[in-house]
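Spelled out from the first residue to the last, the chains are:
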Amino acid sequence: MFRQIYMLYGLLILATVGYAQYNGWSLDTMNQLKNVPKSVRDNPGSYRSVYSGYHHYTGGK
Amino acid sequence: MNPQPPPVGGPKPRVSGLNCPNCGGSITLRALGQASSVVCEGCGSILDAKDPKLQIIQTFHRIVSSDPPLIPLGTRGKIRGTDYEVIGFERRTITVDLVEYHWHEYILFNPYKGFRYLTEYQGHWNDISICKELPSMSSSFNISPRVNYLGESYQHFQSADANTDFVLGEFPWQVRVGERASVTDYVHPPRVLSGEKMAGEVTWSIGEYIPGRDVWKAFNLPGSPPAAIGVYENEPSPFRANLKAVWIGFAALAFGLLVMMIGFDVFAMNSSVFQGAYRFTSGYPRAEASFVTNTFELGGRPSNVEVTTSTDLQNNWIYLNYALINQDTGQAWDFGREVSFYSGYDSDGSWTEGSRNAAIVVPSVPPGQYYLRIEPEADTVHPPVTYTVEVRRDVPVSSFYGIGFLALLIPAILITWRSASFEKSRWSESDHPHSPIIPEGS
């Protein structure tokens, strides 16, 4: 019984990996936005990234 | 002369009623002519069943057993398709390191098939019969002695002196309370080969593990059997049968994963759709650092986009805020990535830390016209940084295969560990507790 469950589980893993690859999934984190105004193209400074204002880690030194 | 066929309706055991010469209590002989001794249920005297006058062989002060037979004497049941009646019961004890271990033996009788035995120890049952031929000592002596029987190799498990301390019913030998036998067990789960040496004579028997529920079903006993405690010497491992199949399955699935990886690597678009080279000088007062790239087309089905940053950093860092923006729909993916690279030399030699390159994968981006908004950040005191940005469409992500491989591997390791733990529990009760785990059936 366990081997059947394992094979089913394994095939599910393979299917998930294949689906993720085909649909271009990613493990990287990012913020998704909608309706960014077209004016950004002419005025890039008008866009405010949620990641701006970065503080570089200096290792406590 | 041909033997007479058995009468229709099955054999009827010969039952005889006699009286105990010690206490006068009635004695029932169920295997008349076959049993050698019988125990009076009234006074516990052991009587010679071959003697018409039931001569007393032994009298013993019978203590009412705290663990009476789980299968009452006289109960009939079917073992391996043959009807048997329980005619005798004995309790035997071995002492190891001043600790007493008891087990129970039930004597079963069929007028045509003769005697058979059931043993029970802490809920573990064995169906025992006398060997038809002598086992042979194995010539291959590696970790512990082995014997061969009917083409199977049995490994030595335990040797001990067993003492009979309680008897009830009939026995095919002249049983005595207090009789001692040197017992040696060899195992090949689910079978056990036992040699009993008594008065210079060795009797070999072969047993097969039988679940308690099967015994209950065979004898139509009420309730449920006592739960089995621990792992018994010849108990078949519930994991062993799955172990090989799971590893074969793992190999097949891992191969499938490899084929999938090669397939996606070969058939992935993995095409460069944009490249740009830039230089960033941080300063104060600073002008607006953000800018946008030219538009580029992402074709095909919705798939990922990899944005790679390559720099000429040396003991420096740069942080890049990116936004991948669809020119037509306004849909955007906002992300950032630091790139830093440091190197030097100390008493241990040269060292490096970080990387001059970084990549980030944007998931499931629909086709369309896109551009990047880039906003670099860096320390004001550092020199200018030159960097290039490349955008690739539909790239294979190897980390998924790593995760998939681990997800396949973990259950296989888990069942291997469970199997090894089971064998360790089995052998911890043997004379070879520190032996390497011997695979079952080897």
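The rules behind each value
Residues numbered from 1 in each chain as written. Chains lettered and ligands numbered in written order. Predicted model: local features only at pLDDT ≥ 70, side-chain atom pairs only at ≥ 80, totals over all residues. Domains from an automatic or database assignment. Axes fitted to C-alpha atoms, helices over the stretch in contact; angles between N-to-C directions. Helix = DSSP H or I, 4+ residues; strand = E, 2+ residues; numbered from the N terminus. Parallel < 35°, antiparallel > 145°, perpendicular 65-115°, else oblique. Contact = placed C-beta atoms within 7 Å. Buried ≥ 20, exposed ≤ 12 C-beta atoms within 10 Å, placed from the backbone. Core = buried A, V, L, I, M, F, W, Y, C linked by C-beta atoms within 7 Å. Nonpolar A, V, L, I, M, F, W, Y, C, P; charged D, E, K, R; others polar. Pairing = 2+ DSSP bridges. Expected span 1.5 Å × (residues − 1). pLDDT = per-residue confidence, 0-100.

Split by domain assignment, chain B resolves into domain 1 (16-236) and domain 2 (269-395). Each of domain 1 of chain B and domain 2 of chain B has a C-alpha centre, and these two points are 80 Å apart.

Let's shift gears to the packing of helix α1 (residues 2-22) of chain A against helix α3 (residues 398-428) of chain B. Working note: a packed helix pair is described by the angle between its axes plus the distance between those axes. Interaxial distance between α1(A) and α3(B) falls to 9 Å at its minimum, and their mutual angle equals 170°. Comparing their axes, α3(B) and α1(A) come out roughly antiparallel. Contacts from A:Phe2, A:Tyr6, A:Tyr9, A:Gly10, A:Ile13, A:Leu14, A:Val17, A:Ala20 and A:Gln21 of α1(A) reach α3(B) at B:Phe400, B:Tyr401, B:Gly404, B:Ala407, B:Leu408, B:Pro411 and B:Ile415.

Another point: the environment of B:Val391. Residues and elements named next belong to chain B. Relative to the helices and strands, Val391 is located in strand β26 (residues 385-393). Its 23 C-beta neighbours within 10 Å are what place Val391 among the buried residues. Distance in space between the C-alpha atoms of Val391 and Thr164 is 84 Å, their sequence separation being 227 residues. In this structure, Val391 is in contact with Val273, Phe274, Phe296, Val305 and Val307, ignoring residues within four places of it in sequence.

Residues and elements named next belong to chain B. If you look at the biggest cluster of nonpolar residues, it comprises 48 residues, and the most contacted ones within it are Ile318, Tyr322, Ala323, Leu324, Ile325 and Val362. Ranked by the residues each element gives to this core, the list is headed by strand β21 (residues 316-326), at seven residues. Core analysis: the second largest hydrophobic core is formed by 35 residues, Leu29, Leu108, Phe109 and Phe219 among them.

This next bit is on the environment of B:Trp351. Residues and elements named next belong to chain B. Mapped onto the elements, Trp351 comes out in strand β23 (residues 349-355). Residue classification places Trp351 among the exposed positions, given that 10 C-beta atoms sit within 10 Å. Beyond its immediate stretch of four places on either side in the chain, Trp351 contacts Ser343, Gly344 and Asp346.

On to the interface of chain A and chain B, then. Facing 37 residues of chain A, the contacting portion of chain B comprises 48 residues. Elements with a minimum of two residues in the side of chain A that touches chain B: α1 and β1 (31-33) of chain A. Here the residues of the side of chain A that touches chain B are counted per class, giving 20 nonpolar, 13 polar and four charged. Bridging between β1(A) and strand β22 (residues 332-346) of chain B involves three bridges; their strand directions are antiparallel. Bridge pairing in β22(B) places A:Gln32 opposite B:Trp333.

Time to look at the packing of helix α2 (residues 240-267) of chain B against α3(B). Residue and element names in this part refer to chain B. Remark: α2 packs on α3, axes separated minimally by 10 Å, with the N-to-C direction vectors making an angle of 170°. Here α2 lies roughly antiparallel to α3, going by the angle between them. Packed against α2, whose contacting residues are Arg240, Asn242, Leu243, Val246, Trp247, Phe250, Leu253, Ala254, Leu257 and Met261, the element α3 presents Tyr401, Gly404, Phe405, Leu408, Leu409, Ala412, Ile415, Thr416 and Ser419 at the interface. Class assignment for the residues of the contact of α2 with α3 results in 14 nonpolar, four polar and one charged.

Residue and element names in this part refer to chain B. Of note, the bond from Pro189 into Pro190 is cis; its omega dihedral lies within 30 degrees of zero at 10°. Here Pro190 is to be found in the loop between β14 (180-188) and β15 (191-198). For Asp97, which is not a glycine, the phi torsion comes out positive at approximately 50°. Mapped onto the elements of the fold, Asp97 is located in the loop between β7 (82-96) and β8 (99-110). The exposure class of Asp97 is exposed, given the 4 C-beta atoms found within 10 Å.

Turning our eyes to something else, we now look at the pairing of strand β13 (residues 152-171) of chain B. Residues and elements named next belong to chain B. Bridging between strand β3 (residues 37-39) and β13 involves three bridges; their strand directions are antiparallel. Within β13, the position partnered with Ser37 by the bridge is Phe171. Bridge count between β7 and β13: seven bridges; the pairing is antiparallel. In the strand pairing of β13, Phe89 is matched with Leu168. Between strand β12 (residues 146-149) and the antiparallel strand that follows it, β13, lie two residues; Leu150 among them carries a positive phi value of about 50°. Sheet topology places β13 next to β14; eight bridges connect them, and they run antiparallel. Note that in β14 the partner of His156 across the bridge is Tyr186.

The next subject is α2(B). With 28 residues, α2(B) extends 41 Å between its outermost C-alpha atoms, agreeing within 8% with the 40 Å of an ideal straight helix rising 1.5 Å per residue. Of all the residues in α2(B), the buried ones are B:Asn242, B:Leu243, B:Val246, B:Gly249, B:Phe250, B:Leu253, B:Leu257 and B:Phe264. Residues of α2(B) that are buried sit in contact with α1 of chain A together with α3 of chain B.

The next thing to look at is the confidence of the model for chain B. All names here are of chain B. Put simply, chain B has an average pLDDT of 88, and 90% of its residues get 70 or more. Scored below 50 in pLDDT, residues 1-10 shows three contacts in the model against residues more than four places distant or in partner chains. Across the predicted assembly, pTM comes out at 0.76 and ipTM at 0.87.

Attention now moves to the environment of B:Pro111. In this fold, B:Pro111 is placed in the loop between β8 and β9 (114-121). Residues B:Pro111 and B:Gln34, 77 residues apart in the sequence, show an inter-C-alpha distance of 8.4 Å.

Bringing the sheet that holds β26(B) into the picture now. All names here are of chain B. Spatial strand order, β17-β26-β20-β24: four strands in an open sheet with antiparallel pairing. Every interior strand has two partners, whereas the edge strands, β17 (271-280) and β24 (357-365), have only one. This sheet shows a mean twist of 15° between the axes of neighbouring strands, independent of strand direction. Of the strand pairs in this sheet, strand β20 (residues 303-311) and β24 are connected by seven bridges, and their pairing is antiparallel. The residue of β24 that forms the bridge with Thr308 is Ala359.

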